[in-house]
Amino acid sequence: MNNSKKLKKIELLAPAGDLERLKTAIVFGADAVYCGLPSWSLRNAREITFTLKTLKEGIKFAHERGAKLYITFNVFAHEAQLKKAEEDLKKMKDLDIDGIIVSDLGMLALVKKHLPKVSIHISTQANTVNSEAVQSWNKLGADRIVLARELTLKEIAEIKKKNPKVELEVFGHGAMCIAYSGRCLLSKYFTNREANLGDCAQSCRWRYKLKVKSEKLNVEEPLRDKFYIEEETRPGELLGIEEDEKGTYIMNSKEICSIDILDKFIESGIDSLKIEGRAKTVYYLATIVRAYRKAIDAYYEKERKIRNLKIKKLDKKKIEKDFSVLISELEKELSLVQNRGYSHGFLTGRHDYEQEYDIAAFKPAIAFLGVVCGSKKDLVEIEVKNKFKTGDKVELVTPNGILKTKILEIIDKKGAKAEEALTPQERFLIKFDIRNKVPERSILRKKLK
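Owing to the predicted nature of the structure, the values given are computational and were not obtained by experimental measurement.

**Quick word on the pairing of strand S14 (residues 366-376)**
Summarising burial for S14: 9 of the 11 residues are buried, a large majority. Judged from the 5 bridges that link them, S14 and strand S22 (residues 443-447) form a sheet pairing that is antiparallel. Bridging across to S22, Phe368 finds its partner in Arg445. Sheet topology places S14 next to strand S15 (residues 379-384); 6 bridges connect them, and they run antiparallel. The residue of S15 that forms the bridge with Val371 is Glu383. Counting the residues between successive antiparallel strands, the hairpin from S14 to S15 contains 2 residues, one of them, Lys377, with a positive phi of roughly 55°.

**Looking at helix H5 (residues 131-139)**
When we look at burial in H5, the residues that qualify are Ser131, Val134 and Trp137. The buried residues of H5 occupy an angular sector of 125° when the element is viewed end-on, so they sit on one face. Looking at H5, the residues exposed on the side facing more than 90 degrees away from the buried face are Glu132 and Lys139. For H5, the elements touching its buried residues are helix H4 (105-114), strand S5 (120-122), strand S6 (142-146), helix H6 (153-162) and strand S7 (167-174). Where H5 begins, the side chain of Asn130 points an oxygen toward the backbone nitrogen of Glu132, at a separation of 3.1 Å. Positive phi appears at Gly141, one or two residues downstream of H5, with a value of about 120°.

**Description of the layout of surface pockets**
What the second largest pocket holds in volume is close to 360 Å³. For the lining of the second largest pocket, the secondary structure elements donating two or more residues are helix H9 (282-307) and S14. If one sorts the elements of the lining of the second largest pocket by residue count, S14 sits on top with 3 residues.

**Regarding the packing of helix H3 (residues 82-91) against H4**
Direction vectors running N to C along H3 and H4 enclose 35°, while the axes themselves pass 10 Å from each other. Between H3 and H4 lies a crossing whose hand is right-handed. On H4, the residues touching Leu82, Ala85, Glu86, Leu89 and Lys90 of H3 are Met107, Leu110, Val111, Lys113 and His114. Of the residues in the contact of H3 with H4, the class split is 6 nonpolar, 1 polar and 3 charged.

**Re the environment of Ile266**
With respect to the element layout, Ile266 can be found in helix H8 (residues 262-267). Along the sequence, Ile266 and Lys9 sit 257 residues apart, while their C-alpha atoms lie 8.3 Å from each other.

**Some words on empty space enclosed by the protein**
Summed over all chains, the structure comprises 1 cavity of 30 Å³ or more. Considering only enclosed or pocket space, the largest cavity measures out at about 30 Å³ in volume. Lining the largest cavity are Ala148, Arg149, Leu151, Ile156, Val170, Phe171, Ile256 and Leu347. Here the residues of the lining of the largest cavity are counted per class, giving 7 nonpolar, no polar and 1 charged.

**Considerations on the side chain of Arg144**
Within the secondary structure, Arg144 is located in strand S6. Take Arg144: its relative accessible area is 3%, and that puts it in the buried class. A distance of 2.9 Å separates a polar atom in the side chain of Arg144 from a polar atom in the side chain of Glu167.

**Regarding the packing of aromatic side chains**
Tallying each qualifying case throughout the model produces 4 aromatic pairs. Consider the rings of Tyr283 and Phe368, whose centres lie 5.4 Å apart with planes at 20°: the pair is stacked. In this pair, Tyr283 sits in helix H9 while Phe368 sits in strand S14, placing the two residues 85 residues apart along the sequence. The same class applies to Tyr283 as to Phe368, namely buried. An aromatic cluster of at least three residues, connected via ring pairs, comprises Tyr299, Tyr300 and Phe323. Its end group placed over the ring of Tyr34, Lys274 keeps NZ or CZ at 4.3 Å from the ring centre.

**What about the pattern of salt bridges?**
Considering all chains together, one arrives at 34 salt bridges under this definition. Here Glu64 ties to Arg65 by a salt bridge, and the two come within 3.4 Å at their closest N and O atoms. The class of Arg65 is partly exposed, set by a relative accessible area of 45%. A salt bridge links Glu381 to Arg427, with the nearest nitrogen and oxygen atoms 3.9 Å apart. Remark: Arg427 occurs in strand S21 (residues 427-432) and Glu381 occurs in strand S15; sequence separation between them is 46 residues. Accessibility expressed as a relative area gives 40% for Arg427, which makes it partly exposed. Among the ionic contacts, a cluster of salt bridges with common partners joins Glu11, Arg144, Glu167, Glu169 and Lys274.

**Section: the confidence of the model for the chain**
Looking at the chain as a whole, the pLDDT averages 86, with 80% of positions reaching at least 70. The low-confidence segment residues 214-225, where pLDDT is below 50, has 13 contacts with residues more than four positions distant or belonging to other chains. Contacts for the low-pLDDT stretch residues 240-247, under 50 throughout, to residues beyond four places or in other chains number 18 contacts.

**Quick notes on the packing of helix H1 (residues 19-27) against H9**
In a pair of packed helices, the angle between the axes and the distance between the axes together describe the arrangement. At a minimum axis separation of 9 Å, H1 and H9 run at an interaxial angle of 15°. As far as their axial angle goes, H9 and H1 are roughly parallel. Where H1 crosses over H9, the handedness of that crossing is right-handed. Note on element contacts: H9 touches H1 through Val282, Leu285, Ala286 and Val289, opposite Glu20, Arg21, Thr24 and Ala25. Considered class by class, the residues forming the contact of H1 with H9 number 5 nonpolar, 1 polar and 2 charged.

What counts, and at which threshold
- Residues numbered from 1 in each chain as written.
- Predicted model: local features only at pLDDT ≥ 70, side-chain atom pairs only at ≥ 80, totals over all residues.
- Heavy atoms only, no water.
- Buried < 20%, exposed > 50% of the residue type's maximum accessible area, 1.4 Å probe, protein only.
- Helix = DSSP H or I, 4+ residues; strand = E, 2+ residues; numbered from the N terminus.
- Pairing = 2+ DSSP bridges.
- Arc of directions from axis to C-beta.
- Contact = heavy atoms within 4.5 Å.
- Polar contact = N/O pair within 3.5 Å; in protein donor to acceptor, adjacent residues only side chain to side chain.
- 1 Å grid on protein atoms, 1.4 Å probe; cavity = no way out; pocket = protein on both sides within 12 Å on 5 of 7 lines; lining within 4 Å.
- Points joined across faces, edges and corners; volume = space filled by probe spheres on them.
- Axes fitted to C-alpha atoms, helices over the stretch in contact; angles between N-to-C directions.
- Left-handed = near helix turned anticlockwise from the far one by under 90°.
- Nonpolar A, V, L, I, M, F, W, Y, C, P; charged D, E, K, R; others polar.
- Phe/Tyr/Trp six-rings, centres within 6.5 Å; stacked < 30°, edge-to-face > 60°.
- Lys NZ or Arg CZ within 6 Å of the ring centre and 35° of its normal.
- Salt bridge = Lys/Arg side-chain N within 4 Å of Asp/Glu carboxyl O.
- pLDDT = per-residue confidence, 0-100.
- Parallel < 35°, antiparallel > 145°, perpendicular 65-115°, else oblique.

Next comes the structure, spelled out in structure tokens:
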């Protein structure tokens with residue numbers, strides 16, 4: 001039985017570490033963006049560069065395009081940080097934000113005190129895994145709960161059934177944590193950088209080696225007293241281990257990808273599909289957001305057509321097949337960004353949570369060449385990210401589609417023709433062998449194979 005009439009269109013929520021990434025996410029189809037000031041975001045300050053001024057500009061950009069903006073305020077603040085937290089919350093009173101994300105009861109109380117009209121979202125860091133916890137947060141003033149990554153879709157559906165009026169947000173794509181939703185001691189132990197203050201060193205992503213007490217590296221021999229050693233920062237420190245695998249990336253979780261189970265994801269009652277990656281590039285954002293935007297829109301179009309079968313006599317099998325073909329194509333697109341391998345995480349059951357032992361990350365055979373900044377007549381202005389040359393066969397990834405083309409001319413800032421564009425961040429005018437208008441913030445890339 002088709003129950004699509006009961007489904008409210010799911011929100012596509014994208015990350016942003018700075019203003020350009022925010023604009024890219026919205027241009028490529030995000031319904032909302034989450035971002036924040038460096039001091040209060042669970043990301044390293046080197047990766048998050050927002051200021052109150054750029055947040056204000058980002059909010060204006062989002063609202064003009066019908067999108068929302070949520071502020072991250074989800075660190076677990078220590079006592080010494082409370083005064084600064086209050087000062088910054090007071091400064092946010094003039095920002096027209098759509099929601100603020102917190103993890104800690106103390107931060108929730110401060111938000112209610114200083115931003116009483118702003119919608120409160122409870123971060124995944126709060127490890128909410130049951131309906132009673134959702135109800136409790138809601139009674140304390142929260143409108144939305146970002147559920148822990150450790151839940152299955154079946155569990156999420158039960159939680160939604162018991163809390164139909166509370167919005168539920170769930171990570172549908174991006175990195176998994178080896179610990180329980182970020183509660184990890186490795187970073188603090190190795191580097192004195194605290195994960196829950198936004199300074200995680202990601203020690204789980206480092207490469208480790210199995211050794212014996214004699215420090216012989218021949219792991220083909222039976223190892224009675226097994227240890228591992230981290231090569232980069234602890235070259236002489238042996239750490240005990242019970243792991244039997246010979247792989248070196250023993251704590252490297254595969255990433256969540258839900259695009260192939262999007263129907264189940266939506267039908268569980270989730271209100272917002274969240275993409276992880278505030279530290280990722282504009283290329284990552286453009287590619288991932290575009291794929292999920294197309295998939296979500298296609299899902300609802302599929303459901304609309306199936307509802308109208310009796311009226312229009314459409315072929316249900318063909319509709320389902322067309323949707324499946326599109327999803328397969330979008331899965332290929334997702335493989336064109338660097339990733340640690342994809343799995344469903346815990347969404348479809350505990351058996352689908354996987355590790356990647358052999359490599360830190362898969363690097364696709366593709367080069368991110370530049371970003372479209374504008375156009376002048378038949379020339380496209382490109383900000384260079386990696387070198388390219390006249391004659392290169394390239395692709396322009398736009399919000400609406402992917403244009404295969406060829407570089408015919410490269411013109412430098414002095415107006416002279418150049419054979420190559422070499423300097424990162426410098427801008428060049430490019431003539432392609434297409435007549436299509438290329439939207440601003442489109443991505444220029446080249447397949448290497």
